[in-house]
Amino acid sequence: MPIDLLARPDEISAAIVALPALPRLDGARVRLRAIRDGEGDVDGLHEIFSDPRVMRWWSRPPMTSREEAVAYAESIREGFAQRTLFNWILADRDSDACIGTTTLYALEPRHLRADIGYALASAHWGKGLASEAVALALAFGFGALRLHRIGADVAPGNDASLRLLARHGFRLEGRLRANFNSGRELQDSLMHGLLADEWEARHAARD
Ligand SMILES: CC(C)(COP(=O)(O)OP(=O)(O)OC[C@H]1O[C@@H](n2cnc3c(N)ncnc32)[C@H](O)[C@@H]1OP(=O)(O)O)[C@@H](O)C(=O)NCCC(=O)NCCS
């Protein structure tokens, strides 16, 4: 392994620990920001994660009560406090209202990697907003954190998510059969990955 990579787990851990808060990342139309204190984002989260369309390919069934959104908001804060989860609120840049989430999870500094997840309120689908949010999270993961790999797993029927990953250069790496209990079926996972050099090459080509 090159020396740079051998030293990097400590650098990534130090960078993560040094973050006082989840950084705010601004795009042209969306913003990734930390969850608000108290119940400020709970109604937005509840609307998104109780929508059967949003949850069709998710790893759990739709929320059936607001209390589940309260608990989810708390787990988002706790995940950042433990520095194991970077779960941003995907906000409309003008109103700052919560319209989705974008997440770097399974953060493993030792292995220089994390996984990415995203969900957008169905009223906002098809306008490239999730794509913009993913671009911000990738730039943070590969740029600021200097991760070497970001992975994603997607159910085979989730065409919008598969297209989104392809647009950002993720490669299909394999299939895990019956990997997730969505509440209605055991779903396969299509495992995807994007490496730092692939991400950098795409950016260099655009500049
Ligand atoms: C996946 C999701 C975040 C995409 O959000 P979005 O803002 O509508 O996505 P974008 O507008 O950025 O579009 C991404 C790509 O998917 C395509 N797309 C969007 N909806 C589609 C659909 N229903 N079927 C096929 N392709 C679709 C877009 O044309 C675009 O392709 P392109 O980049 O080649 O032009 C959104 O559909 C969602 O929240 N789904 C539910 C939650 C979820 O499944 N998350 C992913 C779990 S792995």
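Structural data are supplied above this passage.
Thresholds applied
Residues numbered from 1 in each chain as written. Predicted model: local features only at pLDDT ≥ 70, side-chain atom pairs only at ≥ 80, totals over all residues. Helix = DSSP H or I, 4+ residues; strand = E, 2+ residues; numbered from the N terminus. Rg over C-alpha atoms; globule rule 2.2 N^0.38 Å. Buried ≥ 20, exposed ≤ 12 C-beta atoms within 10 Å, placed from the backbone. Pairing = 2+ DSSP bridges. Expected span 1.5 Å × (residues − 1). Core = buried A, V, L, I, M, F, W, Y, C linked by C-beta atoms within 7 Å. Near = placed C-beta within 6 Å. Nonpolar A, V, L, I, M, F, W, Y, C, P; charged D, E, K, R; others polar.

A. View of the overall build of the chain. The helix and strand inventory of the chain stands at six helices and eight strands. Counting helices and strands in the order they occur from the N terminus, the chain gives α-β-β-α-α-β-β-β-α-β-α-β-β-α. Computed over the C-alpha atoms, the radius of gyration of the chain is 17 Å, within 12% of the 17 Å expected from 2.2 N^0.38 for a compact globule of 207 residues. Its C-alpha atoms give the chain principal-axis dimensions of roughly 50 × 40 × 30 Å. Residues counted as buried form 31% of the 207 residues belonging to the chain.

B. Quick look at the sheet that holds strand E1 (residues 25-26). In spatial order, the strands read E1-E2-E3-E4-E5-E6-E8-E7; together these eight strands make up an open sheet with mixed pairing. The open sheet terminates on both sides in strands that have one partner only, identified here as E1 and strand E7 (171-181).

C. Examining helix H4 (residues 129-144) more closely. Compared with the 22 Å implied by 1.5 Å per residue over 16 residues, the 22 Å span of H4 between its first and last C-alpha is a close match. Positive phi appears at Arg 146, one or two residues downstream of H4, with a value of about 60°.

D. Inspection of the nonpolar core at higher detail. Of all hydrophobic cores here, the largest spans 46 residues; its most connected members are Leu 90, Ile 116, Leu 120, Ala 133, Val 134 and Ala 137. Here the element with the most residues in this core is H4; it accounts for eight residues.

E. Molecular detail of the site of the ligand. Not every one of the 21 residues close to the ligand is listed here, only the nearest: Trp 125, Ala 130, Ser 131, Ala 160 and Arg 163. Considering each element in turn, the shell around the ligand owes the most residues, six residues, to helix H5 (residues 159-167). Across the shell around the ligand, the residue classes tally to eleven nonpolar, six polar and four charged.

F. Summary view of the pairing of strand E3 (residues 86-92). Among the seven residues in E3, six count as buried, and that is most of the element. Bridge count for E3 against strand E4 (residues 98-108) is six bridges, and the pairing is antiparallel. Residue pairing across strands places Phe 86 opposite Leu 104, the latter belonging to E4. The loop that links E3 with its antiparallel partner E4 comprises five residues; one of these, Asp 96, has a positive phi angle of about 65°.

G. The pairing of E7, seen in detail. The element E7 is largely exposed, with a buried count of zero among its eleven residues. Taken together, the seven bridges between E7 and strand E8 (residues 186-195) define a ladder with antiparallel strand orientation. Note that in E8 the partner of Arg 175 across the bridge is Leu 190.

H. Just unusual backbone geometry, in detail. Phi at Arg 146 takes a positive value of approximately 60°, unusual for a residue other than glycine. Tracing the chain through its elements places Arg 146 in the loop between H4 and strand E6 (149-154). Overall, the presence of 15 C-beta atoms within 10 Å leaves Arg 146 in the partly exposed class. A positive phi angle, near 45°, is found at Ala 178, a position not held by glycine. You can see Ala 178 is positioned in strand E7. Here Ala 178 falls in the exposed class, since 10 other C-beta atoms lie within 10 Å of it.

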